[in-house]
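# Chain and residue survey
What follows is the residue order along each chain.
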Amino acid sequence: MNTPPSPQRVPITFLPTGVPGLDTVLGGGLPEFSFNLISGTPGAGKTTFAHQIMFANAGPERPAIYFTVMGEPPIKMLRYQQQMAFFDIAKVGASVQFVDLSALLFEAGLDAVLARILGHVEAVAPRLVVVDSFQAIVRAVTTSAVQSSDLLSFTQRLAMHLTSWQATTFLVGEYHDHELQTNPVLTIADGIFTLSQQVERNSVVRKLQVVKSRGHAAAPGLHTLHITAEGLHVYPRLRSSHPADAPQPRAALERGCSGVPGLDALLGGGIPAGDAMLISGPSGVGKSVLVAQIIAAGAAQGEPGVIAMFEEHQHDYMRRAASLGIDLAALERQGMLRLVSIRPLDLSPDEALATIHAAVQQIGAKRVAIDSISGFELALAPSFRMDFRESLYRMVGALTETGIVVLMTMEITQNTTDLRLSPYVISFLTDDILLLRYVEIAGRLHKSMVVVKMRNSAHSTDVYRYEITDQGVIVRETLHDYHASASRLGVVREEVYPGLVDTERLVLRAVLEQHGSTAADLAERTGVTGSALAAALERLIALTYIRPLPDVLGPHYQPVVTQRTV
């Protein structure tokens with residue numbers, strides 16, 4: 001028995017809107033021949049929105065007509081709109097025509113307006129038609145004897161004619177929420193876009209919502225909208241990828257080298273791929289240096305990285321890193337690094353992610369640093385700060401679900417009464433937490449670190465001392481004798497090795513921790529190199545703290561003493 005073929009669906013052609021981010025919100029673009037309503041309050045960007053879509057699509061084979069009704073005269077509107085980068089003056093009068101219907105509406109009424117519109121449509125055969133402001137027609141007839149049924153009939157006849165001419169149409173108006181619920185346009189519109197402005201304290205944020213999209217699914221929610229000299233830019237609301245697009249589970253835990261001597265051992269072998277790590281600590285402990293070093297190490301291993309800075313300018317960041325032996329400028333020239341300085345006020349989380357995501361796409365980044373969460377929060381518009389944790393959760397998830405390692409720095413106030421990891425209670429958002437703190441050792445202030453949490457791996461729970469050298473961060477010895485102090489800082493008993501200076505003591509500690517090492521390993525571990533390292537090793541041997549053992553790769557230095565403190 002033959003099965004009759006199933007009827008094929010009529011395909012829908014989608015037009016590019018020319019508005020960055022809007023095609024993503026619409027799921028591919030604007031359906032051709034659709035009947036659309038653009039609504040919003042004054043100043044929300046409705047006219048610019050319609051113009052940008054029209055100029056992006058208008059051409060010899062797709063002419064456009066822009067009707068104005070009781071709005072700005074065309075000459076005035078064009079004077080301002082031509083300041084936008086998308087405005088092509090060469091198309092005006094050729095592919096794009098402007099027709100003013102303001103006087104005709106008052107003198108002759110709805111039928112005359114409809115006849116004029118249809119006359120132009122028949123003469124030009126446009127593929128794009130905009131009526132701005134359609135709400136002016138509604139208000140004009142509601143103040144006269146015209147019944148609402150006549151307005152509905154007018155709207156339906158207009159839509160029917162325009163659709164029969166295979167035109168994509170837009171009706172622009174200053175609608176309010178209560179008007180949208182009763183307006184007859186709603187019953188026949190294929191798409192409804194609402195543009196709004198939210199004012200809170202000194203902050204103004206524009207937003208776009210796709211209220212209705214017939215025949216295809218649009219991204220739900222409110223999407224941030226910016227108007228610049230380039231025109232409108234929509235930043236789609238953050239959301240997780242479709243399950244089909246999600247990365248496949250890894251058969252084994254993949255790790256990347258941190259590039260920080262001694263840190264990989266604390267992390268159980270390195271940073272797990274796709275993890276989000278929070279590096280938390282008080283001011284001055286080296287959080288930014290640490291993330292820059294990790295990003296640079298990844299780039300050196302073929303894993304491009306992005307650093308998003310919310311507190312410093314790019315040149316200052318690069319100069320400070322260079323003074324510590326981290327050449328970010330060279331990595332950027334090689335295309336292995338993108339530095340993104342994000343410091344505007346009234347920022348939205350969607351805008352921040354769009355900026356970071358663009359940099360990630362440019363170089364195929366595998367590591368991303370957000371420096372810092374504190375600066376990110378301050379850059380947000382007040383309306384977004386209320387949902388800061390939710391915004392951060394969505395942003396981090398959007399990055400890590402693609403296998404990217406995300407590093408975040410957070411400034412905290414250190415004390416000994418509690419162990420605070422962040423002031424926002426966001427530690428649950430991260431897979432790994434590295435806590436940096438100050439400790440007092442024999443009357444001197446030192447820095448320490450401890451891995452508080454690793455969700456996907458075993459890790460060291462010891463507290464380690466570390467230093468910031470001209471070669472970056474280097475993890476030193478463990479602090480087994482750490483204990484709390486009323487001085488609000490940790491106090492550690494000092495190691496005693498008579499007759500040694502600081503450099504010699506540093507090398508000895510490295511030999512003790514590694515239970516023997518070569519000169520090359522010691523140089524990497526301590527940052528002491530060349531003649532300084534040779535002199536330190538010679539003196540340690542003379543004082544019988546260590547002894548050299550012959551090896552094919554050179555002397556292997558073994559400890560003679562054990563670690564001791566007073």
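Residues numbered from 1 in each chain as written. Predicted model: local features only at pLDDT ≥ 70, side-chain atom pairs only at ≥ 80, totals over all residues. Heavy atoms only, no water.

## Some words on the overall build of the protein
Definition in use: Helix numbers and strand numbers start at the N terminus; a helix is a DSSP run of H or I with at least 4 residues, a strand a run of E with at least 2. To sort residues, take the accessible area from a 1.4 Å probe on protein chains only and compare it with the maximum for the residue type: under 20% means buried, over 50% means exposed, and anything in between is partly exposed. Note on contacts: a residue pair qualifies if any of its non-hydrogen atoms lie within 4.5 Å across the two residues. Residue-level accessible areas treat just the shown protein chains as cover; the underlying method is Shrake-Rupley with a 1.4 Å probe.
Regarding its fold elements, the protein presents 19 helices and 26 strands. Evaluated residue by residue, the protein yields a buried proportion of 51% over its 566 residues. Intrachain contacts of the protein at a sequence separation of at least 6 include 68% that bridge at least 24 residues. For the protein, the computed accessible surface area is about 26,100 Å², with 53% contributed by carbon and sulfur atoms.

## Examining the sheet that holds strand β24 (residues 517–518)
Threshold: Pairing between two strands is assigned when DSSP locates at least 2 bridges connecting them. A fitted line through C-alpha atoms represents every axis, and for helices the fit uses only the stretch in contact; the resulting angles, taken between N-to-C directions, go from 0 to 180 degrees.
One open sheet holds the three strands; their spatial order is β24-β26-β25, and the pairing between them is antiparallel. For this open sheet the edge positions go to β24 and β25 (546–549), each flanked by a neighbour on one side alone. Across the face of the sheet, helix α17 (residues 502–514) comes into contact with β24, β25 and β26 (556–559) while running at roughly 85° to β26.

## What about the environment of F310?
Relative to the elements of secondary structure, F310 occurs in the loop between β15 (305–309) and α11 (314–322). Judged by relative accessible area, F310 falls into the buried class, the value being 6%. Taking C-alpha positions, F310 is 5.6 Å from F376, a pair spaced 66 residues apart along the chain.

## Considering the sheet that holds strand β11 (residues 231–235)
Remark on secondary structure: sheet strands pair via backbone hydrogen bonds, oriented parallel or antiparallel. Read from one edge of the open sheet, nine strands run β5-β4-β6-β7-β3-β8-β9-β10-β11, paired in mixed fashion. The strands lining the two open edges of the sheet, one partner per strand, are β5 (96–100) and β11. The average undirected angle you get between the axes of adjacent strands in this sheet is 20°.

## Looking at the packing of aromatic side chains
Our working rule: Pairing of aromatic rings covers Phe, Tyr and Trp, the last through its six-membered ring, and needs centres within 6.5 Å; plane angles under 30 degrees mean stacked, over 60 mean edge-to-face, and all others mean tilted.
Enumeration according to the criterion identifies five aromatic pairs in this entry. Ring geometry for F49 versus F193: centroids 5.5 Å apart, planes at 55°, classification tilted. Of the two residues, F49 is situated in helix α2 (residues 46–57) and F193 in strand β8 (residues 191–200); the sequence distance between them amounts to 144 residues. We classify F49 as buried; its relative accessible area is 0%.

## Section: the pattern of salt bridges
For side chains bearing opposite charge, pairing can occur when the charged atoms are close. Cut-off, in case you're wondering: Salt bridges are identified by distance alone: a Lys or Arg side-chain nitrogen within 4 Å of an Asp or Glu carboxyl oxygen.
Across all of its chains, the model carries 10 salt bridges by this definition. A salt bridge links R465 to E477, with the nearest nitrogen and oxygen atoms 2.6 Å apart. Linking R465 in strand β21 (residues 464–469) with E477 in strand β22 (residues 472–478), this pair joins segments that are 12 residues apart in sequence. Neither R465 nor E477 differs from the other in exposure class; each is buried. Members of the salt-bridge network, linked through shared partners, are R465, E467, R476 and E477.

## Section: the confidence of the model for the protein
Short version of the rule: The quantity known as pLDDT measures the predictor's confidence residue by residue, on a range of 0 to 100.
For the protein, per-residue confidence averages 81 on the pLDDT scale, and residues scoring 70 or more make up 82% of the total. The low-confidence segment residues 241–251, where pLDDT is below 50, has four contacts with residues more than four positions distant or belonging to other chains.

## Description of the pairing of β22
Remark: a regular strand shows side chains that alternate across the two faces of the sheet. Of all seven residues making up β22, seven are buried, and the element is well covered by its neighbours. Taken together, the five bridges between β21 and β22 define a ladder with antiparallel strand orientation. Considered in β22, the bridge of T469 is made with G472.

## Describing unusual backbone geometry
In this model, D371 is joined to S372 through a cis peptide bond whose omega is 10°. Even without a glycine there, the phi angle at F33 is positive, about 70°. In this fold, F33 is placed in the loop between β2 (30–31) and β3 (35–40). Of note in the backbone geometry, A125 takes a positive phi value of approximately 55° without being a glycine.

## Notes on the environment of A94
Within the secondary structure, A94 is located in the loop between α3 (74–81) and β5. By relative accessible area, A94 is classed as exposed at 53%. Separated by 36 residues in sequence, A94 and A58 place their C-alpha atoms 9.6 Å apart.

## With respect to the pairing of strand β9 (residues 203–213)
Summarising the sheet, β8 and β9 pair through 10 bridges and their orientation is antiparallel. Pairing of Q198 across the sheet is with V205, part of β9. Hairpin connection of β8 to β9: two residues between the antiparallel strands, including R201 at a positive phi of 55°. Note that β9 and strand β10 (residues 223–228) share three bridges and pair antiparallel. In the strand pairing of β10, K207 is matched with T224.

## Brief notes about the environment of K212
So the rule is basically this: Any N or O atom pair separated by 3.5 Å or less is treated as a polar contact, with the protein-specific requirement of one donor-capable and one acceptor-capable atom, and with residues adjacent in sequence counted only for side-chain atom pairs.
Relative to the assigned elements, K212 resides in strand β9. Judged by relative accessible area, K212 falls into the partly exposed class, the value being 21%. In sequence terms K212 and I192 are 20 residues apart; their C-alpha atoms lie 4.9 Å from each other. Once you skip the residues sitting within four places of it in the chain, K212 turns out to touch L186, T187, A189, D190, G191 and I192. At 2.7 Å, the side chain of K212 and the backbone oxygen of A189 are in polar contact.

## Some thoughts on the nonpolar core
How we decide: By nonpolar core we mean a set of buried residues, namely Ala, Val, Leu, Ile, Met, Phe, Trp, Tyr and Cys, connected to one another through side-chain atoms within 4.5 Å.
Membership of the largest hydrophobic core comes to 43 residues, with the highest contact counts inside it found for V306, F310, L347, F376, L392 and M408. Listed by contribution, the elements that provide at least two residues to this core are β14 (276–281), β15, α13 (349–363), β17 (367–371), α14 (373–379), α16 (388–400), β18 (405–411) and β19 (432–441). Core analysis: the second largest hydrophobic core is formed by 41 residues, V285, I294, V405 and V473 among them.

## Quick word on the side chain of S460
Within the secondary structure layout, S460 lies in the loop between β20 (444–454) and β21. Using a relative accessible area of 16% as the deciding quantity, one classes S460 as buried. A distance of 3.2 Å separates the side chain of S460 from the backbone nitrogen of D462, its partner in a polar contact. Residue contacts for S460: discarding those within four places in its chain leaves L266 and V451.

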